[in-house]
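# Structure at a glance
Here's the letter readout for the chains.
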Amino acid sequence: GAGVSQSPSNKVTEKGKDVELRCDPISGHTALYWYRQRLGQGLEFLIYFQGNSAPDKSGLPSDRFSAERTGESVSTLTIQRTQQEDSAVYLCASSLGSGGAYNEQFFGPGTRLTVL
Amino acid sequence: DAKTTQPPSMDCAEGRAANLPCNHSTISGNEYVYWYRQIHSQGPQYIIHGLKNNETNEMASLIITEDRKSSTLILPHATLRDTAVYYCIVRVAAVYQGAQKLVFGQGTRLTINP
């Protein structure tokens, strides 16, 4: 089956504009994660969703960032009033979310966001 | 959350074994050690994980010391395609059962030389 897909692959925007990034997880995966990776840096956790539970938003850097997930499928990450420091690759991952140690996260190819 | 320490970079000759170390001296008893790698311009890829026993799969072997304060990822016969950043991650406690965020450090940039 298909892996995690993300769109767009690249997004260039002007400072102050809003952007929406999309993630399609692997079918049947109940857990979905968003991470951010700045140039030359490791991944920063942003938010995750698990089934119908309230999402863990503890990694969102500011109230300009928000994310939604429709059921156990598509998720969108929205960044309002973008700033230059938001420039990064935004990675989405999904996992079975079934508990235990075998909870491998499968990552998408990422969306490269450039804020001019 | 237990933190990990890895060397920033390593080199290895093609065909040789690549041994990547990781220190996690504050790991707690119920935390697992996970390894992921990220090839340039791609998302991270799961490699292997373990609790206290050594583990092996088709990609690599994981050796965990008896006190669990450090581990080594072994790529037995490295190829050029193994050039990547390798992340050693200790699994943080879940807020919700089954969903566990990964905390990535800086990783080790492994370069396989021909």
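Here's a quick rundown of the structure. What you are looking at is a predicted structure, and each value in this text was computed from that prediction instead of being measured.

## A word on the overall build of chain B
Counting its secondary structure elements, chain B contains 0 helices and 9 strands. Element order for chain B, N to C, with α for helix and β for strand: β-β-β-β-β-β-β-β-β. A compact globule built from 114 residues would reach a C-alpha radius of gyration of about 13 Å, and chain B, at 14 Å, matches this within 12%. By principal-axis analysis of the C-alpha atoms, chain B measures approximately 45 × 30 × 25 Å. Within the span of chain B, comprising 114 residues, buried residues form 46% of the whole. Of the contacts made within chain B by residues no fewer than 6 positions apart, 57% connect residues no fewer than 24 positions apart. Carbon and sulfur atoms form 48% of the exposed surface of chain B, whose accessible area is close to 5,900 Å². When the 10 positive and 9 negative side-chain charges of chain B are each reduced to one mean point, those points stand 5 Å apart.

## Section: the side chain of A:Asp56
With respect to the secondary-structure elements, A:Asp56 resides in the loop between β5 (43–50) and β6 (65–69). Here A:Ser58 takes part through its side chain, which lies 2.7 Å from a polar atom of the side chain of A:Asp56.

## Some words on the sheet that holds strand β8 (residues 84–90) of chain B
All names here are of chain B. Spatially, the 5 strands line up as an open sheet ordered β1-β9-β8-β3-β4, and their pairing is mixed. Of all strands in the sheet, those bounded by a partner on one side alone are β1 (9–13) and β4 (45–50). Within the sheet, the average angular offset between the axes of one strand and its neighbour, ignoring direction, is 25 degrees. Examined bridge by bridge, strand β3 (residues 33–38) and β4 share 5 bridges and lie antiparallel to one another. Opposite Arg37, over in β4, you have Gln45 as the bridge partner.

## Some remarks on the state of the cysteines
According to the stated counting rule, one finds 2 disulfides over all chains in the structure shown. Across a sulfur-sulfur distance of 1.9 Å, A:Cys23 and A:Cys92 are joined as a disulfide pair. Across the S-S bond of A:Cys23 and A:Cys92 the torsion is about -65 degrees, and the bridge reads as left-handed. On the criterion of sequence distance, the pair formed by A:Cys23 in strand β3 (residues 19–24) and A:Cys92 in strand β8 (residues 88–95) is long-range, its members being 69 residues apart. For the pair formed by A:Cys23 and A:Cys92, the shared burial category is buried. A sulfur-sulfur separation of 2.1 Å characterises the disulfide bridge that pairs B:Cys22 with B:Cys88. Because the torsion about its S-S bond is -80 degrees, the bridge between B:Cys22 and B:Cys88 counts as left-handed. Residue B:Cys22 is located in strand β2 (residues 18–23), and its partner B:Cys88 is located in strand β8; the two are separated by 66 residues in the primary sequence. Each of the two residues, B:Cys22 as well as B:Cys88, counts as buried.

## A look at the nonpolar core
Of all hydrophobic cores here, the largest spans 21 residues; its most connected members are B:Trp35, B:Leu73, B:Tyr86 and B:Leu110. The set of elements that each furnish at least two residues to this core consists of β2, β3, β4, β6 (61–64), β7 (70–75), β8 and β9 (108–113) of chain B. Among the elements that line this core, the one with the most residues is β8(B), at 4 residues. With 20 residues, the next largest nonpolar core counts A:Val19, A:Leu46, A:Leu60 and A:Phe65 among its residues.

## A look at the sheet that holds strand β7 (residues 75–79) of chain A
Residue and element names in this part refer to chain A. An order of β1-β3-β7-β6 is seen for the 4 strands of this open sheet, with the pairing classed as antiparallel. Edge strands, defined here as strands with exactly one partner in the open sheet, are β1 (5–7) and β6. Between one strand axis and the next, the sheet turns through 15 degrees on average, direction left out of account. Bridge count for β1 against β3 is 3 bridges, and the pairing is antiparallel. Across the sheet, Gln6 pairs through a bridge with Cys23, a residue of β3.

## A short note on the environment of A:Ala54
Looking at where A:Ala54 falls in the secondary structure, it is placed in the loop between β5 and β6. Residues A:Ala54 and A:Glu44, spaced 10 residues apart in sequence, show a C-alpha to C-alpha distance of 20 Å.

Cut-off values and rules
Residues numbered from 1 in each chain as written. Chains lettered and ligands numbered in written order. Predicted model: local features only at pLDDT ≥ 70, side-chain atom pairs only at ≥ 80, totals over all residues. Heavy atoms only, no water. Helix = DSSP H or I, 4+ residues; strand = E, 2+ residues; numbered from the N terminus. Rg over C-alpha atoms; globule rule 2.2 N^0.38 Å. Buried < 20%, exposed > 50% of the residue type's maximum accessible area, 1.4 Å probe, protein only. Contact = heavy atoms within 4.5 Å. Areas by Shrake-Rupley, 256 points an atom, 1.4 Å probe, with all protein chains shown as cover. Lys, Arg positive; Asp, Glu negative; His and termini not counted. Charge placed at Lys NZ, Arg CZ, Asp CG, Glu CD. Polar contact = N/O pair within 3.5 Å; in protein donor to acceptor, adjacent residues only side chain to side chain. Pairing = 2+ DSSP bridges. Axes fitted to C-alpha atoms, helices over the stretch in contact; angles between N-to-C directions. Disulfide = S-S within 2.5 Å. Core = buried A, V, L, I, M, F, W, Y, C linked by side-chain atoms within 4.5 Å.

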